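Structural overview
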Amino acid sequence: MFKINEKHLLVKGEKVKHLACPKNQQLFSAGQPDTIVIHYTAGRDAQSSAEYLARADVKASAHLIVSREGEVIQLVPFNTVAWHAGKSEYNGRVGYNNFSIGIEIDNAGILTPSGNEFVAWFGKRYPANEVVKAKHRNEQTERYWHTFTEVQISAVEEICQKLIERYQTIVQILGHEEIAVGRKQDPGPAFPLDKLRMRLLQERDSNEPLQSNICYVNVNRLNIRSLPDIQSDTVTEPLAYDTKLLIQQKHGNWYKVKTEIEGWVAADYVRLKE
Ligand SMILES: [Zn+2]
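Residues numbered from 1 in each chain as written. Predicted model: local features only at pLDDT ≥ 70, side-chain atom pairs only at ≥ 80, totals over all residues. Heavy atoms only, no water.

Description of the overall build of the protein
A tally of regular secondary structure across the protein gives four helices and 22 strands. Expected size for 274 residues packed as a compact globule is a radius of gyration near 19 Å; at 20 Å, the protein falls within 12% of this value. Overall, the protein is about 60 × 45 × 35 Å in size when its C-alpha atoms are taken along their principal axes. Per-residue burial for the protein yields a buried fraction of 52% across its 274 residues. In the protein, the proportion of contacts linking residues at least 24 apart, taken out of those at least 6 apart, comes to 65%. As presented, the protein carries roughly 13,600 Å² of accessible surface, and 50% of it is formed by carbon and sulfur atoms. A distance of 2 Å separates the average location of the 34 positive side-chain charges in the protein from that of its 34 negative side-chain charges. (Helix = DSSP H or I, 4+ residues; strand = E, 2+ residues; numbered from the N terminus. Rg over C-alpha atoms; globule rule 2.2 N^0.38 Å. Buried < 20%, exposed > 50% of the residue type's maximum accessible area, 1.4 Å probe, protein only. Contact = heavy atoms within 4.5 Å. Areas by Shrake-Rupley, 256 points an atom, 1.4 Å probe, with all protein chains shown as cover. Lys, Arg positive; Asp, Glu negative; His and termini not counted. Charge placed at Lys NZ, Arg CZ, Asp CG, Glu CD.)

Right, here's the structure in full:
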């Protein structure tokens, strides 16, 4: 079992190693982090990716790198800002380094067919049984993607679970591909991102199951926000009376809803299906 200690470090005996990354010293602001961002390394192995990201002259880093054996290298404590998101935007908010914990998963990323094998951008070859052909959420055509291992996926899930238990501020899990659309493809379609966040966030957030997942706006103008927080930005114009909303997630007294746009509304101002 992974644990998070009082120094905001992940521990699990020999399964977690720590590599100093002194370039990251800035602590998160109060109320942060609220997001976990999932990445793949597009690298050769976890150790080389960790050593690269820890370098003083590299303007990137991450909190964790998860190996294909489910072992972890931590570079940055969870109370400290790491540099994994880069230029990023989601629901009208920019600069996700300041709001998120970054988990890098060792994976070669996009592969190119070569004979009966597949080759990564850095030249390493992979057998067909480590490759999946799939369409990325941001793309129109199928490509070849390096698969993640089962032990790796379950390690990532357990780590996310420990993080959202320990840091109650965390309300969402996003892929790098969702906060840097067009610029980034990770973690890509080989990673079960939708299933993972459904299991982790739905389970935590719904103490009682929702009777219905449809509701209607019950006030004249209802603000729809990027996060379940009255201080957070509105994502579009207020919703009109009777707008039909699909509830996707519950958090405290907020619903995450979908209409043409996704965001959070105060639960007091909607009525569930009559
Ligand atoms: Zn990434």
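We are not done yet, so read on.
So, the coordination of the zinc ion
Metal coordination angles in their ideal form are 109.5 degrees for the four-donor tetrahedron and 90 or 180 degrees for the six-donor octahedron. Bound to the zinc ion are the protein donor atoms His 39 (ND1), His 176 (ND1) and Asp 186 (OD), situated 2.0 to 2.1 Å from the metal. Taken in chain order, the donor set of the zinc ion reads H-x136-H-x9-D. Placement of the pair is His 39 in strand 4 (residues 35-40) and His 176 in helix 3 (residues 176-179), with a sequence separation of 137 residues. Residue His 176 is classed as buried on the basis of its relative accessible area of 4%. (Donors = N, O, S within 2.8 Å, 3.2 Å for Na, K, Ca; no water.)

Things to note about the sheet that holds strand 16 (residues 214-217)
Pairing is antiparallel across the open sheet formed by five strands, whose spatial order is 21-20-19-16-22. Either end of the sheet is taken by a strand with one partner, and the two such strands are strand 21 (262-266) and strand 22 (270-272). Strand after strand, the sheet turns through a mean of 45 degrees between neighbouring axes, direction not considered. Where strand 20 (residues 254-258) meets strand 21, five bridges bridge the pair, whose relative direction is antiparallel. Residue pairing in the sheet places Lys 256 in a bridge with Trp 264 of strand 21. (Pairing = 2+ DSSP bridges. Axes fitted to C-alpha atoms, helices over the stretch in contact; angles between N-to-C directions.)

Some details on the sheet that holds strand 14 (residues 142-146)
Pairing is antiparallel across the open sheet formed by five strands, whose spatial order is 12-11-10-14-13. With partners counted over all chains shown, the strands left at the sheet margins are strand 12 (125-127) and strand 13 (131-135), one partner each. Across the sheet, the mean angle separating the axes of adjacent strands is 50 degrees when strand polarity is ignored.

As for the domain arrangement of the protein
When the parts come together, some accessible area is lost, and that loss is often what is quoted as the size of the interface. Looking at the protein, the domain boundaries give domain 1 (3-109 + 147-205) and domain 2 (214-272). Between the C-alpha centres of domain 1 and domain 2 there is a distance of 28 Å. Counting from both sides, the interface comprises eleven residues of domain 1 and, opposite them, eleven residues of domain 2. Summed over both sides, the interface of domain 1 with domain 2 buries roughly 940 Å², with 42% coming from carbon and sulfur. Linking domain 1 with domain 2 are zero salt bridges. At the boundary of domain 1 with domain 2, the tally comes to zero residue pairs in polar contact (both at pLDDT 80 or more). Ranked by the residues each element gives to the side of domain 1 that touches domain 2, the list is headed by helix 4 (residues 193-205), at four residues. Looking at side-chain class alone, the side of domain 1 that touches domain 2 contains three nonpolar, four polar and four charged residues. (Domains from an automatic or database assignment. Buried area = accessible area lost by both parts, 1.4 Å probe. Salt bridge = Lys/Arg side-chain N within 4 Å of Asp/Glu carboxyl O. Polar contact = N/O pair within 3.5 Å; in protein donor to acceptor, adjacent residues only side chain to side chain. Nonpolar A, V, L, I, M, F, W, Y, C, P; charged D, E, K, R; others polar.)

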